[in-house]
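One-letter residues, chain by chain:
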Amino acid sequence: MQTLVGWHVDMEFLEEGDRTRAAAMLRLADGTEVRGHGHASRHPSDPAQLRVGEEIAGARALMDIAQTLLKKAHDEIEETTGRPAHPINR
């Protein structure tokens, strides 16, 4: 049996001078929302490329969400099995 599940991600950026901040929100199929944040700073000698700051800050926000999802899965495994789960680092 196959099940099709989709997740929806929203990403917003705030750029102030040489700094870019990203806020990401992932909505899981059950309606649960997971949020993450990331940032990037441009070195003064680097050219101004807004897209690069967004990519770095966005990637860091998604990595923040990934860590939260791994922790959530780890906790659910322990709750279901009643035993300590092995750390999930990948």
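Our structure's up above, just so we're on the same page.
Residues numbered from 1 in each chain as written. Predicted model: local features only at pLDDT ≥ 70, side-chain atom pairs only at ≥ 80, totals over all residues. Heavy atoms only, no water.

Trainee: Tell me what's going on with the overall build of the protein, and back it up with residues and numbers.
Mentor: Each helix and strand counted, the protein has 1 helix and 3 strands in total. Taken from the N to the C terminus, the helices and strands of the protein come in the order β-β-β-α. Taking 2.2 N^0.38 as the reference for a compact globule, 90 residues should give roughly 12 Å; the C-alpha atoms of the protein span a radius of gyration of 17 Å, well beyond that estimate. Dimensions of the protein, computed from C-alpha atoms along their principal axes, come out at roughly 55 × 30 × 20 Å. When each of the 90 residues of the protein is scored for burial, the buried share is 20%. Residue pairs in contact within the protein that sit at least 24 positions apart in sequence constitute 34% of those at least 6 positions apart. Only carbon and sulfur atoms are counted for the fraction: they give 53% of the accessible area of the protein, which is about 7100 Å². Taken as two groups, the 11 positive and 15 negative side-chain charges of the protein have centres that lie 4 Å from each other. (Helix = DSSP H or I, 4+ residues; strand = E, 2+ residues; numbered from the N terminus. Rg over C-alpha atoms; globule rule 2.2 N^0.38 Å. Buried < 20%, exposed > 50% of the residue type's maximum accessible area, 1.4 Å probe, protein only. Contact = heavy atoms within 4.5 Å. Areas by Shrake-Rupley, 256 points an atom, 1.4 Å probe, with all protein chains shown as cover. Lys, Arg positive; Asp, Glu negative; His and termini not counted. Charge placed at Lys NZ, Arg CZ, Asp CG, Glu CD.)

Trainee: I'd like a description of the environment of I65, backed by residues and values.
Mentor: Relative to the assigned elements, I65 resides in helix α1 (residues 50–81). Remark: the alpha-carbon pair of I65 and M1, spanning 64 residues in sequence, is separated by 29 Å. Setting aside anything within four residues of it in sequence, one finds I65 in contact with A24, M25, L26, V34, R35 and G36.

Without other data, these values stay purely geometric and don't point to any function.
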